[in-house]
Amino acid sequence: MTIAAHPLVIRARRLADDLLSPAAERVDQEGVPVSHIEAIRESGLLGLNAPVAYGGSAAPAAVARETAEILAGACCSTWFVQTQHHTPVLTLAGAEPPVRERLLGALARGELLSGVAYAHLRSHPRVPVRVRREAGGRRFHGTVPWYTGWGLNDVLLLAGVTEDDEALFAFVEAREQPGVRASPPMRLAALTASRTVSLDLDGLWVPEDAVALRMPYEDWAATDRLRTHNVSPAVFGITEAALALVDDAYAAEPRARTAEVRHRAYALADDPRPREHLRERLALRAEAFALMRTATTAAVVTGGGRSMAVTERAQRLAREALFLLVQGQTAETRTAHLERLANPPG
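Please read these numbers as outputs of a predicted model, since none were measured by experiment.

Rules used in this analysis
- Residues numbered from 1 in each chain as written.
- Predicted model: local features only at pLDDT ≥ 70, side-chain atom pairs only at ≥ 80, totals over all residues.
- Heavy atoms only, no water.
- 1 Å grid on protein atoms, 1.4 Å probe; cavity = no way out; pocket = protein on both sides within 12 Å on 5 of 7 lines; lining within 4 Å.
- Points joined across faces, edges and corners; volume = space filled by probe spheres on them.
- Helix = DSSP H or I, 4+ residues; strand = E, 2+ residues; numbered from the N terminus.
- Salt bridge = Lys/Arg side-chain N within 4 Å of Asp/Glu carboxyl O.
- Buried < 20%, exposed > 50% of the residue type's maximum accessible area, 1.4 Å probe, protein only.
- Disulfide = S-S within 2.5 Å.
- Axes fitted to C-alpha atoms, helices over the stretch in contact; angles between N-to-C directions.
- Parallel < 35°, antiparallel > 145°, perpendicular 65-115°, else oblique.
- Left-handed = near helix turned anticlockwise from the far one by under 90°.
- Contact = heavy atoms within 4.5 Å.
- Pairing = 2+ DSSP bridges.
- Patch = residues over 30% accessible without salt bridge, like charges linked within 9 Å, V, L, I, M, F, W, Y side chains within 5 Å.
- Areas by Shrake-Rupley, 256 points an atom, 1.4 Å probe, with all protein chains shown as cover.
- Lys, Arg positive; Asp, Glu negative; His and termini not counted.
- Charge placed at Lys NZ, Arg CZ, Asp CG, Glu CD.
- Polar contact = N/O pair within 3.5 Å; in protein donor to acceptor, adjacent residues only side chain to side chain.
- Core = buried A, V, L, I, M, F, W, Y, C linked by side-chain atoms within 4.5 Å.

K.L.:
Give me empty space enclosed by the protein: which residues, what numbers.
P.N.:
Over the atoms rolls a probe the size of a water molecule, and its path tells where empty space is left. For the structure on display, the rule yields 2 cavities of 30 Å³ or more. Within this model, the largest cavity holds a volume of roughly 40 Å³. If you go around the largest cavity, the residues you meet are Ala286, Arg293, Leu325, His337, Arg340 and Leu341. When contributions to the lining of the largest cavity are tallied by element, the ones reaching two or more residues are α10 (278-303) and α12 (331-342). For the lining of the largest cavity, the element with the most residues is α12, which contributes 3 residues. Of the pockets and cavities examined, the second largest cavity occupies roughly 30 Å³.

Okay, here's the thing in structure tokens:
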């Protein structure tokens, strides 16, 4: 079976063509609606990487990448809300039985939608969220600067750093409760529609059986850095969507270069040695973003003055491209991008 013929890819394409893409400019201004999330639940895409034994599809990585490209290119805000769900699913698959058996099936089947609150761990040695042990559980103190999907998610995977310098992840209900207060939704240059807030944690108590992962911070950070070396499929999704707005005479060459970079980047992503070819991975990431910048700029130029209207697709894609530049950013990826900007090829 080819990737394009995989049932989940077919469903993602149908969802993008029939619902997400036609509504994308409206969603960008008004917010991701519950109906979009319901459609994704019904499609089975929330169980894309979940174990079959729990109701998921355990789809190959190539299928996961293809569906991400499709959804991000159609409506990046909706893609970003639902993509948060897949990290908690993978985390639960390797967790201890109590929390795994309580949540994994419901997440795999799409009965619950999960968000994530862990990007702040990348601020270390600054610690925005601290976790302290208490009889029977843990208490979280601090501020989560960014949390996406507030009001859409049912649960969230919350991370903090313990007194023993461990990264600890636990599941909590995604709602205001004693110890959790959400800010008003943030007004952002891009993806305001994703319902992103900050969370003030004032002694939030979490029972021990809600803890899904605990490991030395440096071990977690090393694995996280390796993941961010690879190109996000969303970059290729936005690039293709932008090139679709450009005349073929000008889009053919960027499209061919993008296909080459995509092929090389995904080959490295599939390499079972994630610590190999790190410089090449970062270089390909920077090149993929440069191509996305070219594509979205070309789309804006093609649209002319009307591209300045916030309701225009080219402008939305250009803003979403800016968002992807900083999403999941680490010191290594920032340096790679700045070096590419300062010293372009040729």
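There's plenty left to go through after this.
K.L.:
So what's going on with the pattern of salt bridges? Which residues, and what values?
P.N.:
Going through the model one piece at a time under the given rule, you end up with 28 salt bridges. Between Glu166 and Arg214 there is a salt bridge, with the nearest N and O atoms lying 3.6 Å from each other. Highlighted residues: Glu166 in strand β5 (residues 166-173) and Arg214 in strand β8 (residues 211-216), separated in sequence by 48 residues. For Glu166, a relative accessible area of 18% puts it in the buried group.

K.L.:
I'd love a proper account of the state of the cysteines, names of residues and values included.
P.N.:
A full pass over the atoms with the stated rule returns 0 disulfides. No disulfide involves Cys75; its sulfur sits 7.7 Å from the nearest other cysteine sulfur, which is in Cys76. Owing to a relative accessible area of 0%, Cys76 belongs among the buried residues under this scheme.

K.L.:
An account of the packing of helix α8 (residues 233-243) against helix α9 (residues 248-269) is requested, with residue identities and associated values reported.
P.N.:
It is the contact of α8 with α9, at a shortest axis distance of 11 Å, that shows an interaxial angle of 165°. The orientation of α8 with respect to α9, classified from their angle, is roughly antiparallel. Where α8 crosses over α9, the two elements pack in a sense that is left-handed. Here α8 contributes Pro233, Phe236, Thr239, Glu240 and Leu243 to the contact with α9, which in turn contributes Ala251, Pro254, Arg255, Thr258, Val261, Arg262, Ala265 and Tyr266.

K.L.:
Now, about the pairing of strand β3 (residues 137-148): what can you tell me, with residues and values included?
P.N.:
Across 6 bridges, strand β2 (residues 129-134) lies against β3 in antiparallel orientation. If you follow Arg133 over to β3, its bridge partner there is Arg138.

K.L.:
Go over a negative patch on the surface, please, and point to the residues and values.
P.N.:
There is a patch of like negative charges on the surface, built from Glu163, Asp164, Asp165, Glu218 and Asp219. You can see Asp165 is positioned in the loop between β4 (155-162) and β5. The partly exposed category is assigned to Asp165, whose relative accessible area is 34%.

K.L.:
Before we move on, could you go through the environment of Arg139 and cite the residues and values that matter?
P.N.:
Assignment of secondary structure puts Arg139 in strand β3. Taking the relative accessible area as the measure of exposure, Arg139 reaches 27% and is therefore partly exposed. Setting aside its immediate chain neighbours within four residues, Arg139 contacts Arg130, Val131, Arg132, Glu134, Gly203, Leu204 and Trp205. A distance of 2.6 Å separates the side chain of Arg139 from the side chain of Glu134, its partner in a polar contact.

K.L.:
Go over the environment of Cys75, please, and point to the residues and values.
P.N.:
In this structure, Cys75 sits in the loop between α3 (61-74) and α4 (76-83). Taking C-alpha positions, Cys75 is 9.1 Å from Leu317, a pair spaced 242 residues apart along the chain. Apart from residues no more than four positions distant in its own chain, Cys75 is found in contact with Leu20, Ala24, Val27 and Arg316.

K.L.:
Which residues make up the packing of helix α5 (residues 86-93) against helix α6 (residues 97-108), and what values go with them?
P.N.:
Running from N to C, α5 and α6 point in directions that differ by 140°, and their axes come no closer than 9 Å. Between α5 and α6, the angle falls in the class oblique. Like other packed secondary-structure pairs, α5 and α6 cross with a definite hand, here left-handed. Residues Val89, Leu92 and Ala93 of α5 touch α6, and the partners they reach there are Val99, Arg100, Leu103, Leu104 and Leu107.

K.L.:
Outline the nonpolar core, supporting the account with residue identities and numerical values.
P.N.:
Leu45, Trp79 and Leu324 are the most contacted members of the largest nonpolar core, which has 59 residues in total. Contributing elements (two or more residues each) for this core: α1 (7-30), α2 (34-43), α3, α4, α8, α9, α10 and α11 (313-326). For this core, the element with the most residues is α1, which contributes 9 residues. When neighbours within four sequence positions are excluded, Leu324 is seen to be in contact with Trp79, Ala234, Val235, Ile238, Phe289 and Met292.

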